[in-house]
Amino acid sequence: MRGRVVIVEDEELVAQDIRYILEDAGYEVAAIFHSAEDLLEALEKLEPDSIIMDIMLEGELDGIDAARIIREKMDIPVIYLTAYSSDEIVKRARETEPYAYILKPFHERDIRVNLEMALYKHEAKKNRVKLVREKAINEYLKRSIEEKEQLLRELHHRVKNNLQLIISLLSLQIRYIEDPAIEEFFRDYVNQLRSIAMIHERAYPSSGTYIIDFKEYIRNLSSRLLNSHGRASDVRVTVTGDPAELNMDTAVPLALITAELISNSLRHAFSEGGEIHIEIRRFNGRHRLVYRDNGHGLPEGVSFPDGGSFGFRMIHNLAGQLGGQIEVESSDEGVVFRFEFFEQFYTDRIT
């Protein structure tokens, strides 16, 4: 079937003639009406692809009046059928934007060609409207994404600035502390803040969020901590494993865990020097972080997490936030922390 057509013609013989022409050409004639009023009453139920309608009809409404109402309410191509060609009728008809005119007396070819052209023009019009609508939607989405990315950049910049202000404030305060234990306490907090600040320095936007290459981040973090603790010359840190591109919700707590582990090793594990090895692997949708040093191991009587410092409890809590638990092995040859975790997202992260 090539399409459903409604015929509106008050001359029954003419209407039947058009019907046979259309059916021979492969169209379905959905209905024949003799007045505009009857057409308008039944049109929504019929849902035709086109209407062939005489201009001069019985009743209060003529074909032009009906076409105007149809144009306002429905998108159906109308083809006028008329024996009149006066300027007044043509002017009225033009205002309704018909798809074609068929003048009486018509030939069979006039019906077929004009209907085919009307359906083609209507389909082309719908495609143009669709393309314009899709283009408008795409432009809107593009602007929305650009605005969101701009907002993310501004927030990212503000976070970095605020972190730097806090770090500078604490660093200045440390200069006036005379108690070495309190000074070390504050320096630990400054190092933790620097580890977060480095996340924001090295993160790059991707798919509406920020991503960080965590392996490269660990290398830079360990270098800063070695310098901060004065151990750059006698302690070596190696980082191996799979590529690890993590979002901010995952990278920040993992950075705090890693920074605390490195700081603990640098403060307590080595007498003269040593090695730290950090490995990160990805498997079955999870990540595994293995941290080991070849120092003295945990002191006798110290266990993880409750038997150690506040740092151990912080590590334990952050590991839970990432959906995992840390396993610890300690001996005279060093200490090993193993930790499996899931990448977190703001809507489903574990709290």
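Just so it is clear, the structure is predicted and the values come from calculations on it, not from any experiment.

### Some thoughts on unusual backbone geometry
Then step 1. For the peptide bond that leads from K104 to P105, omega is -5 degrees, which places it in the cis range.
Then step 2. The residue P105 is located in the loop between β5 (100-103) and α5 (108-174) in this model.
Then step 3. For N284, which is not a glycine, the phi torsion comes out positive at approximately 50 degrees.
Then step 4. For N284, the position within the fold is in the loop between β10 (274-283) and β11 (286-293).
Then step 5. With relative accessibility at 69%, the residue N284 sits in the exposed group.

### A short note on the side chain of S222
Then step 1. Secondary-structure assignment places S222 in helix α7 (residues 214-228).
Then step 2. Here R219 takes part through its backbone oxygen, which lies 2.9 Å from a polar atom of the side chain of S222.

### Concerning the nonpolar core
Then step 1. Core analysis: the biggest nonpolar cluster contains 54 residues, and F214, Y217, I257 and I276 have the highest contact counts within it.
Then step 2. With eleven residues, the single largest contributor to this core is helix α8 (residues 248-269).
Then step 3. Ignoring sequence-local partners within four residues, the contact set of I276 consists of V235, R236, V237, T238, I262, S265, L266, F270, Y291, R292 and D293.

### Here's the deal with the environment of E149
Then step 1. Within the secondary structure layout, E149 lies in helix α5.
Then step 2. E149 gets classed as partly exposed once you look at its relative accessible area, which sits at 33%.
Then step 3. In the structure, E149 is positioned 28 residues away from I177 in sequence and 42 Å away in space, judged by C-alpha atoms.

Rules used in this analysis
- Position labels on residues start from 1 in each chain and follow its written sequence.
- In keeping with the predicted nature of the model, local features appear solely for residues at pLDDT of at least 70, side-chain atom pairs appear and are counted solely at 80 or more, and the whole-chain, interface and lining totals rest on all residues.
- With hydrogens and water set aside, each side-chain value is computed from the structure's full complement of heavy atoms.
- Labels follow the DSSP assignment, with helices taken as runs of H or I lasting at least four residues and strands as runs of E lasting at least two, numbered in each case from the N terminus.
- Only protein chains enter the accessibility calculation, which uses a 1.4 Å probe; a residue whose area is less than 20% of its type maximum is buried, one above 50% is exposed, and one in between is partly exposed.
- Here a polar contact is recorded for every N or O atom pair within 3.5 Å, except that within protein the pair must consist of a potential hydrogen donor and a potential acceptor, and residues adjacent in sequence are included only if both atoms are side-chain atoms.
- Here, the term nonpolar core denotes a set of buried Ala, Val, Leu, Ile, Met, Phe, Trp, Tyr and Cys residues that are joined through side-chain atoms within 4.5 Å.
- Working rule for contacts: check all heavy atoms of both residues, and any pair within 4.5 Å makes them a contact.

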